[in-house]
Each structure stands twice: as C-alpha cells, then as structure tokens.
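# Fold and contact review
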There are 2 protein chains.
Amino acid sequence: MKILIIGGAGTIGKYVTEHLQQAHEVLVAGRSDQHLYVDIADSSSIQKLLSAVGPLDAIICVAGEAKWDDFAKLSAADYDIGLRSKLMGQVNVVRYGVQHLKPGGSITLSTGILADDPVKKTASAAMVNGGIHSFVQAVALELGSKARINAVSAGVVAASYEKYQAYFPGHNPVPMQKVVNGYVRSVFGADSGKIIRIYE
Amino acid sequence: MKILIIGGAGTIGKYVTEHLQQAHEVLVAGRSDQHLYVDIADSSSIQKLLSAVGPLDAIICVAGEAKWDDFAKLSAADYDIGLRSKLMGQVNVVRYGVQHLKPGGSITLSTGILADDPVKKTASAAMVNGGIHSFVQAVALELGSKARINAVSAGVVAASYEKYQAYFPGHNPVPMQKVVNGYVRSVFGADSGKIIRIYE
C-alpha cells in the first residue's frame, strides 16, 4: 500500500510511521518537512501535497492543534486556532483527500479522549475533537463503498504521559502499541464511520 | 425566574416560551425580533442583548444554523455558516452569558440527534452539533457551582416532522412536550455538563 501520514513525525505519528513502513510505502508529511510540506490549517498546502503524491491507498492525519486554556481566558482568536487546524484542517484533508484515493482507499483522522471525557482547559480542544467524531460518522454515510473514513481517538498516550499527566489526573497512560493498532485497524480493517476509541 | 430565550420565536423556541411564561418572566430574543434583536453569529449583538436584559436566572439558546448539503458539494463558505452560527454562536452565548447570570444560574444550548446519529447531507450540521456536546461537558468542569450548563439534543421534532422526515428515514417524530421537558430539566434540575437526549 501507498500511505500518506500527515504529522508522521509527531509524537504518535512516528510510532505509526515506524510500524507501517515495515511493509508499506509510507510518505511522511508535515509542517517541519521540507520535502512533503503541509500545514493542514492552510488548505492550499493540502491540495498541493495531495496532487504531488496521489493516488494513495490510505491517508492518515495525525496533525492538528487547538488552544488549551481556562474557559474564562479563551479568546475568539484562541478558538480560531482549533477551528482552522484540528477541525477544518482535518475536514479539508477529507474534502481534498477523497479525490486522491485509489478505489476503496481510506482516510483516518485523529481526535482524543477529550471529545468524550474532557478535562479542565479544554473547552476549545474538546469541542473540535467532538466535532470531528460527528463529522466522520456523517461523511461515511455518503462515501459508501468509494472510500472508508474513521477517527482514532486516543487517551493520554504513553509517549507524552509525562508532559500531560498533570492535566489528566488519574488517567492511565495508553501503550503506544495499542494506539498504533487503532490506526492499523482503521487502515486495514473494514470499518467506516467508526470512532476507534483507545482509552486504556 | 427571569429567563432569556434566544430563538424563542422559532419552531422549538415557541413551545419552550409558551410553557415557561406560564410561571416565569420570559424574554424572547432573535433575529426577527426588533425589540430584543440578536444574531448569535454576531458576537457584538450577543453582548449588547445581555447588557440590556441581565442579570438573568437562565439563558436558553434555541438558535443557530448550519448548511445542509451533499458532502461533495459543501464549500468552505458553507462550513463557515455552521462554524459562525450554531457552533461559535452558541459558544459565545456561553462566553458572554456567564457574565450576566445570577449566582447559580444556568445556560442551555441546543443541538440535535445528528451529533450522535447523522443522516446524509449533514457533514457540517452533525459536526457543529457534536462540537457543542463536547464543549458543554468541558465548560461545566470549570463553571463549578457558579453556573450550570447543559445541551438539549432533540430528534426530529413533531412540529417540523413533515418538513424534515424525508431526510430522516424511519425516525419517529418527538412529541413537543417531551422536547419542552428537556429544557425544563436543564433549567430547573441540578444537572450540569449533561447532554439531555430527547430522541423518541
């Protein structure tokens, strides 16, 4: 398979990349990649990337940011970061991505436990994750057999547990192999419109 | 109680208004209201309204729109309608609303079954509803005992069943009294951070 991983050099992305490239052609793209540059908040960069690398068997997006802060402090501009990146950035990966998939290909987006079970400071971050959950279910109804779409929603992953554990009291770190398996399930399984929750 | 209902002249809003005004002071605001004008997509109109009518015991928002269309046809501008109105419009009702609530007051937002169980043409509409579900849960964690926040998520309501039933094959119309009770539960109950699902 020929698989594009947007954000493939990030915390989760590098584990997914390492696993998939053992048996597949994996293209890693991201904001820090000079060869396959993409910033999902800029839809023209998504279109440019896809035109350069398609057609693809699978697209995985492990990118997207949102502002974390106290609800009382989040400004309109703060919300806009998440709306343009993690929310519409991923929506645009799907809008343009379906045009560059081989028949029966798949798109996998990334969300997180905040969508279902938020913590403090995540009014914006939880919101954009929850939006993607509903979006994925809605889009799958229209893609039919043309393409599959799923989201992997992980808990606090082991690789960034130290950095984030103070924000997630009592959450257990999710082993990276389980997180990787969420993406494997989306790409190689038959599911579509599924939120693959990897919370423990 | 002094209750503000944004969208109180709409399909659901008028039933909620009719019920609540039997025993409470109800202020109806909306885009078609000349006295208490508000368009939630314009945050300055929200601030102006709240400054004029507060402090309040409860704010109910039964307003907000999103574009319905085939996923393949939805443009960036189409998505923007839902982002500005049903999503950020309701977020801004909360951001500014909490400043005009009496201690222990409540805010109730409105979503819909699409968030959990979308139908075709709702990639944008489902997304913004799902975003609000996660937002409500996240914000409740920070408001604590200062104010309560919930969302009422209704199925296809009886009053607009004829108009929408073709989009919702096999869905049963939800009696208006049950929908009204969802809002009653949010305003007069003790819940916070709850998605009050009224689907049958």
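Residue numbers restart at each chain and count upward from 1, following the sequence in its written direction. Note on labels: chains are lettered from A, ligands numbered from 1, in written order. Only residues with pLDDT of at least 70 are given local features in this predicted model, and only at 80 or more are side-chain atom pairs given and counted; all residues enter the totals for whole chains, interfaces and linings. Excluded from the side-chain calculations are hydrogens and water; all other atoms, namely the structure's heavy atoms, are used.

### Concerning the sheet that holds strand β2 (residues 25–29) of chain B
Residue and element names in this part refer to chain B. We apply this condition: By this definition, two strands are paired if DSSP reports at least two bridges between them. The secondary structure listing takes helices from DSSP runs of H or I that are at least 4 residues long and strands from runs of E that are at least 2 residues long, numbered from the N terminus. Simply put, an axis is a line fit to the C-alpha atoms, just over the touching stretch for a helix, and the angle between two N-to-C directions goes from 0 to 180 degrees. We call two residues contacting when some pair of their heavy atoms lies within 4.5 Å.
Overall, parallel pairing links the six strands, which are arranged β2-β1-β3-β4-β5-β6 in an open sheet. If you trace the sheet from one side to the other, it starts and ends with β2 and β6 (194–198), each paired once. Strand-to-strand, the axes of this sheet are offset by a mean angle of 20°, without reference to chain direction. Summarising the sheet, strand β5 (residues 147–154) and β6 pair through five bridges and their orientation is parallel. Paired with V152 across the two strands is I196, which belongs to β6. Packing against the sheet, helix α4 (residues 123–143) makes contact with β4 (101–110), β5 and β6, and its axis sits at approximately 160° to β5.

### Observations concerning the relation of the copies chain A and chain B
We apply this condition: The copies were overlaid by least squares, fitting only the C-alpha atoms of residues that reach a pLDDT of 70 or more in each copy.
Structural alignment of chain A on chain B gives an RMSD of 0.0 Å, achieved by rotating through 180° and translating 0.0 Å along the axis. The relationship between the two copies is best expressed as a two-fold rotation axis. Across chain A, the rotation axis passes nearest the C-alpha of A:G131, at a separation of 2.0 Å. When the interface residues of chain A are mapped onto chain B, 100% of them again lie at the interface, so the same face is used by both copies.

### Let's talk about the environment of B:N92
Residue and element names in this part refer to chain B. Let me state the cut-off plainly: For every residue, the accessible area obtained with a 1.4 Å probe (protein chains only) is divided by the maximum for its type, and the residue is called buried under 20%, exposed over 50%, and partly exposed between those limits. Residues adjacent in sequence count toward polar contacts only when both atoms are side-chain atoms; beyond that, a polar contact is any pair of N or O atoms within 3.5 Å, and within protein one must be able to donate a hydrogen and the other to accept it.
Assignment of secondary structure puts N92 in helix α3 (residues 76–97). You can call N92 buried: its relative accessible area is 9%. The spacing of N92 and I46 is 46 residues in sequence and 7.7 Å in space, taken between C-alpha atoms. Not counting residues up to four positions away in its chain, the partners in contact with N92 are S43, I46 and G97. Side-chain polar atoms of N92 contact the side chain of R95, separated by 2.8 Å.

### Some words on the sheet that holds strand β6 (residues 194–198) of chain A
Residues and elements named next belong to chain A. Ordered in space as β2-β1-β3-β4-β5-β6, the six strands form an open sheet in which the pairing is parallel. Since the sheet does not close on itself, it has two edges, and those belong to β2 (25–29) and β6, each with one partner. For this sheet, the mean angle separating the axes of adjacent strands, direction not counted, is 20°. Sheet analysis places strand β4 (residues 101–110) next to strand β5 (residues 147–154), joined by six bridges and oriented parallel. Along β5, the bridge assignment pairs I107 with I149.

### A closer look at the interface of chain A and chain B
The line we're drawing: Take the accessible area each of two parts loses on contact, using a 1.4 Å probe, and add the two losses: that sum is the buried area. Here, a salt bridge means any side-chain nitrogen of Lys or Arg that lies within 4 Å of a carboxyl oxygen of Asp or Glu.
With 33 residues of chain A in contact, the opposing surface of chain B contributes 34 residues. For the pair chain A and chain B, the summed buried surface comes to about 2,600 Å²; carbon and sulfur atoms form 71% of the total. Applying the counting rule to chain A against chain B returns zero salt bridges. There are eight residue pairs in polar contact (both at pLDDT 80 or more) connecting chain A and chain B. Only α3 (76–97) and α4 (123–143) of chain A provide two or more residues apiece to the side of chain A that touches chain B.

### Comments concerning the packing of aromatic side chains
All names here are of chain A. To keep it simple, the criterion reads: Each aromatic pair joins two rings of Phe, Tyr and Trp (for Trp, the six-membered one) with centres within 6.5 Å, and gets the label stacked for planes under 30 degrees apart, edge-to-face for over 60, and tilted for any other angle.
Enumeration according to the criterion identifies nine aromatic pairs over all chains in this entry. Ring centres 6.5 Å apart and planes at 50° place the aromatic pair Y164 and Y167 in the tilted group. The exposure class assigned to Y167 is partly exposed, which follows from its relative accessible area of 38%.

### Describing the packing of α3(A) against α3(B)
We apply this condition: Should the near helix be turned anticlockwise from the far one by less than a right angle, the crossing is termed left-handed; should it be turned clockwise, right-handed. Residues are sorted three ways: Asp, Glu, Lys and Arg are charged, Ala, Val, Leu, Ile, Met, Phe, Trp, Tyr, Cys and Pro are nonpolar, and all the rest, Gly among them, are polar.
Put simply, α3(A) and α3(B) touch, their axes get as near as 12 Å, and they point 145° apart. Every pair of crossing elements has a handedness; the one defined by α3(A) and α3(B) is right-handed. Contacts between α3(A) and α3(B) involve A:A76, A:Y79, A:L83, A:L87, A:M88, A:V91 and A:R95 from the former and B:A76, B:Y79, B:L83, B:L87, B:M88, B:V91 and B:R95 from the latter. A class-by-class count of the residues in the contact of α3(A) with α3(B) yields twelve nonpolar, no polar and two charged.

### Some details on helix α1 (residues 13–20) of chain A
All names here are of chain A. Let me state the cut-off plainly: It is the directions from the helix axis to the C-beta atoms that the arc portrays.
Listed in full, the buried residues belonging to α1 are G13, V16, T17 and L20. Along the axis of α1, the buried positions cluster into a sector of 100°, meaning they face one direction only. On its buried side, α1 packs onto β1 (2–6), β2, β3 (56–61) and α6 (176–188).

### Topic: the pattern of salt bridges
Residues and elements named next belong to chain A. Counting across every chain of the model gives 15 salt bridges over all chains. In this structure, K102 and D57 form a salt bridge, with 3.1 Å as the shortest nitrogen-oxygen distance. On the criterion of sequence distance, the pair formed by K102 in strand β4 and D57 in strand β3 is long-range, its members being 45 residues apart. The exposure class of K102 is partly exposed, given its relative accessible area of 31%.

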